[in-house]
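Structural characterization, general
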Amino acid sequence: MEQLIQELKASLIEALNLEDITPEEIENNAPLFGEAGLGLDSIDALEIILILERNYGIRIANPAEGKEIFYSVQTLADYITANRKQ
Amino acid sequence: MSKQTIYINSIASTLPDTQDSPEFVPGKQVSIQEPDYKTLIPDATLRRRMSRIVRMGVATGMQCLNKFPNAPVDAILTATGYGCLGDTEKFMNTLLDNHEQMLTPTAFIQSTFNTIGAQIALLSKNHGYNNTYTHRAFSFESALLDAILLLREEEASNVLVGAIDEMTPTVYEILKRLGLWRNALAGEGANFAILSTTAIPESYAVLEGIELFNGTYSAAEIQERIHNYLVQKEEKNVTVLFPSDYKKICGEYPTAMAYAFNTCCKHLQSGEIKTPILVYNTFLGNHSFIFLKPV
């Protein structure tokens, strides 16, 4: 799990051009979206959907689940562990 | 159309690292001093999505606007010969790597030519006329022509005009294969100016004329054309700037004329050059004159 979390953080930093942010600075349980967390927005959500699909073969069938799955790095990692195809 | 005098009231440029004439090494890439992006584009979310050319263009455009607090501009005109190459390359590579599936949105959104003009408008909350010209070596000149028309037809009083081009390793190699660097430095840059119908104490220069033409001409034919242009303008004591004069500093790129334009404005304002200046530019068969006078 820890390896997956580190991998996810690195992918997020690269895909979202999170300049000046290191993987260590992203807390596992901190919210990704909104002012309280990393401040990501809907365009970033599209980039994360592509990370899931491209790197782990996961397609999110029910968009309503998105809010929970994308809440934090930890929730993303949990969802990947439960649903990964590659 | 009125013969309205057009003043250049603000300029901003990304400057090449060296302003002297360095040793000429064909194909050498000119490096430029990039501004402090965090100060000029404080929104981190906006900034992180911007590729290098977008940052360079937006920051330089904002610098130019910040130096001119007198009034909001009525129009924003940008020009680029190559466009947002970095984002285009990223998008095209993703297209190839992922077999045209699962394409990321950001690089595509930012790869469009008008990204820079649009981002400047968003940041400065400008809802005016906004246009981008992508006419190879005539891109900057076309934007300038549009600005002249807007000002002379009294549709605008202040217009921001800028030109941006970047060099990426891929395009550098492609142009090298085409032989472009045999006798040239590889350049890039962002150059913006505000053109106005009213002079201010800080006015840099007066834009007196612009001429564009295509084709293959010998040096003698160009000299004759310059002579005829100046006769028509009834000017005798004029400083003529040739591409070799400024491209040894800024390098070769489709909108290098914008660098020459801003440099001349600076020299005219400081009094370093006291005569009118005719700038000649040529790039792959496109030729242009821009004629500037002291205020």
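Owing to the predicted nature of the structure, the values given are computational and were not obtained by experimental measurement.

Reading the values: the criteria
Residues numbered from 1 in each chain as written. Chains lettered and ligands numbered in written order. Predicted model: local features only at pLDDT ≥ 70, side-chain atom pairs only at ≥ 80, totals over all residues. Heavy atoms only, no water. Salt bridge = Lys/Arg side-chain N within 4 Å of Asp/Glu carboxyl O. Helix = DSSP H or I, 4+ residues; strand = E, 2+ residues; numbered from the N terminus. Buried < 20%, exposed > 50% of the residue type's maximum accessible area, 1.4 Å probe, protein only. Axes fitted to C-alpha atoms, helices over the stretch in contact; angles between N-to-C directions. Left-handed = near helix turned anticlockwise from the far one by under 90°. Contact = heavy atoms within 4.5 Å. Nonpolar A, V, L, I, M, F, W, Y, C, P; charged D, E, K, R; others polar. Domains from an automatic or database assignment. Buried area = accessible area lost by both parts, 1.4 Å probe. Polar contact = N/O pair within 3.5 Å; in protein donor to acceptor, adjacent residues only side chain to side chain.

Before going further, it helps to examine the pattern of salt bridges. Side chains bearing opposite charge may pair, as long as their charged atoms lie close to each other. What the rule picks out here adds up to 10 salt bridges over all chains. Asp41 of chain A is paired through a salt bridge with Arg49 of chain B; the nearest N and O atoms lie 2.5 Å apart. Note that Asp41 of chain A is positioned in the loop between helix H1 (2-15) and helix H2 (42-56) and Arg49 of chain B in helix H2 (residues 44-49), a pairing that runs across two chains. Residue class for Asp41 of chain A comes out partly exposed when judged on its relative accessible area of 26%. Its salt-bridge partner being Lys293 of chain B, residue Glu235 of chain B comes within 2.7 Å of it at the nearest N-O pair. With Glu235 of chain B in the loop between helix H9 (219-232) and strand S7 (239-241) and Lys293 of chain B in strand S9 (residues 286-293), this pair connects stretches of sequence that are 58 residues apart. Where salt bridges share partners, they join Asp41 and Asp44 of chain A together with Arg48 and Arg49 of chain B into one cluster.

Residues and elements named next belong to chain A. Relative orientation of the contacting elements H1 and helix H4 (residues 73-83) amounts to 115°, with a least axis distance of 10 Å. The hand of the H1/H4 crossing is right-handed. Along the contact surface, H1 presents Leu4, Ile5, Leu8, Lys9 and Leu12, while H4 presents Val73, Gln74, Leu76, Ala77, Ile80 and Thr81. Looking at the contact of H1 with H4 residue by residue, the classes come out as eight nonpolar, two polar and one charged.

We now examine the domain arrangement of chain B. Note on interface size: it is often stated as the accessible area lost on association of the parts. Residue and element names in this part refer to chain B. For chain B, the domain assignment lists domain 1 (6-196) and domain 2 (207-293). Relative to domain 2, the C-alpha centre of domain 1 lies at a distance of 21 Å. Counting from both sides, the interface comprises 42 residues of domain 1 and, opposite them, 29 residues of domain 2. Both sides of the domain 1 and domain 2 interface together cover about 2900 Å² of buried area, and 68% of this is carbon and sulfur. Of all residues in domain 1, Ala137, Phe138 and Glu141 give up the largest surface area on contact with domain 2, accounting jointly for 20% of the area buried on that side. On inspection of domain 1 and its partner domain 2, the count reaches nine residue pairs in polar contact (both at pLDDT 80 or more). At the level of elements, strand S1 (6-13), helix H7 (139-152), strand S4 (158-165) and strand S5 (189-196) are the ones that each hand at least two residues to the side of domain 1 that touches domain 2. Sort the elements by how many residues they give to the side of domain 1 that touches domain 2 and H7 lands first, with seven residues. Grouping the constituent residues of the side of domain 1 that touches domain 2 by class yields 26 nonpolar, 10 polar and six charged.

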